[in-house]
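Spelled out from the first residue to the last, the chains are:
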Amino acid sequence: MKFLIFLFYRGFAYYLPKSSTPFIGKYCKKIRTKIASHLFKKTGKNVNIEHKAKFGYGENIIIGSNSGIGINASIPPDTIIGSNVMMGPDCIIYASNHNFSQVDIPMISQGHSESKTTTIGDDVWIGGRVIILPGKKIGNGVIIAAGSIVTKDLESYGIYGGNPAKLIKKRK
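This text gives an overview of the structure that appears in the document. (Residues numbered from 1 in each chain as written. Predicted model: local features only at pLDDT ≥ 70, side-chain atom pairs only at ≥ 80, totals over all residues. Heavy atoms only, no water.)

1. Things to note about the packing of aromatic side chains
Summed over all chains, the structure comprises 6 aromatic pairs. Both rings, one in Y14 and one in Y15, keep their centres 4.8 Å apart while their planes meet at 85°; by these two values the pair is edge-to-face. Ring geometry for F40 and F55: centres 4.9 Å apart, planes at 80°, overall edge-to-face. Of this pair, F40 sits in the loop between α2 (25-39) and β1 (42-43) while F55 is found in strand β3 (residues 54-55), placing the two residues 15 residues apart along the sequence. Pairwise contacts between aromatic rings join F6, Y9, Y14, Y15, F40 and F55 into one cluster. Seen from the ring of Y14, R10 lies directly overhead, with NZ or CZ sitting 4.9 Å from the centre. Geometry around Y157 places K172 over its ring, the cationic atom sitting 4.4 Å from the centre. (Phe/Tyr/Trp six-rings, centres within 6.5 Å; stacked < 30°, edge-to-face > 60°. Helix = DSSP H or I, 4+ residues; strand = E, 2+ residues; numbered from the N terminus. Lys NZ or Arg CZ within 6 Å of the ring centre and 35° of its normal.)

2. Quick notes on unusual backbone geometry
Omega for the peptide link from N163 to P164 comes to 0°, which places this bond in the cis form. Within the secondary structure, P164 is located in the loop between β16 (158-161) and β17 (166-170). With a phi close to 60°, N66 is a non-glycine residue in the positive phi region. Relative to the helices and strands, N66 is located in the loop between β4 (62-63) and β5 (68-69). Not every positive phi belongs to a glycine, and D78 is a case in point at roughly 65°. Position of D78 among the secondary structure elements: in the loop between β6 (74-75) and β7 (79-81). With a relative accessible area of 25%, D78 lands in the partly exposed category. (Buried < 20%, exposed > 50% of the residue type's maximum accessible area, 1.4 Å probe, protein only.)

3. A look at the sheet that holds strand β11 (residues 125-126)
Spatially, the 5 strands line up as an open sheet ordered β8-β11-β14-β16-β17, and their pairing is mixed. Strand pairing shows two members of the sheet lacking a second neighbour, β8 (86-87) and β17, which therefore form its edges. In this sheet, β16 lies alongside strand β14 (residues 143-144) in parallel orientation, the contact comprising 2 bridges. When the sheet's bridge partners are listed, I144 is paired in β16 with Y160. (Pairing = 2+ DSSP bridges.)

4. Some points on the sheet that holds β4
Taking strand neighbours across the sheet as the criterion, the 5 strands line up as β1-β4-β7-β10-β13 in an open arrangement whose pairing is parallel. Edge positions in the sheet fall to β1 and β13 (137-138), since each has one partner strand and no second. As paired elements, strand β10 (residues 118-120) and β13 share 2 bridges and run parallel to each other. Each bridged residue has a counterpart across the sheet, and for I120 the counterpart in β13 is I138.

Below is the structure:
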């Protein structure tokens, strides 16, 4: 049954207009959120899954109340998103990487590393086109500037930006 719901999301709800579209946007938001609540491990209240947001088949995805997955975002299985998280468009979270340790075997033949869980704390603002590499932990109250690439865990209440994302300043 879960697979049929997933297919319905990817074949229909995925293409519904943005939540900000006049008149019908709020209904599109409700449809996507209702479907996600059947696919995710846990879904808080007032969640927003935006237009063309992609997510893994839903296993173990948790999203807290008042949080959103941005337009065209890509979220893998085993991602934990806290409450009050704002995510801009085109964000990508990765769960694994290619293996490349053996130089005598082509990288394409070495497979992938084990999937890792990415955890995003509460009250986080993730700017547009941010890339988060596998298994990173983002603390509470963090701001990540648009276009940043998160290669390390981010401490709470910091403002980070760049490639790789570095601490710009503390909020506290």
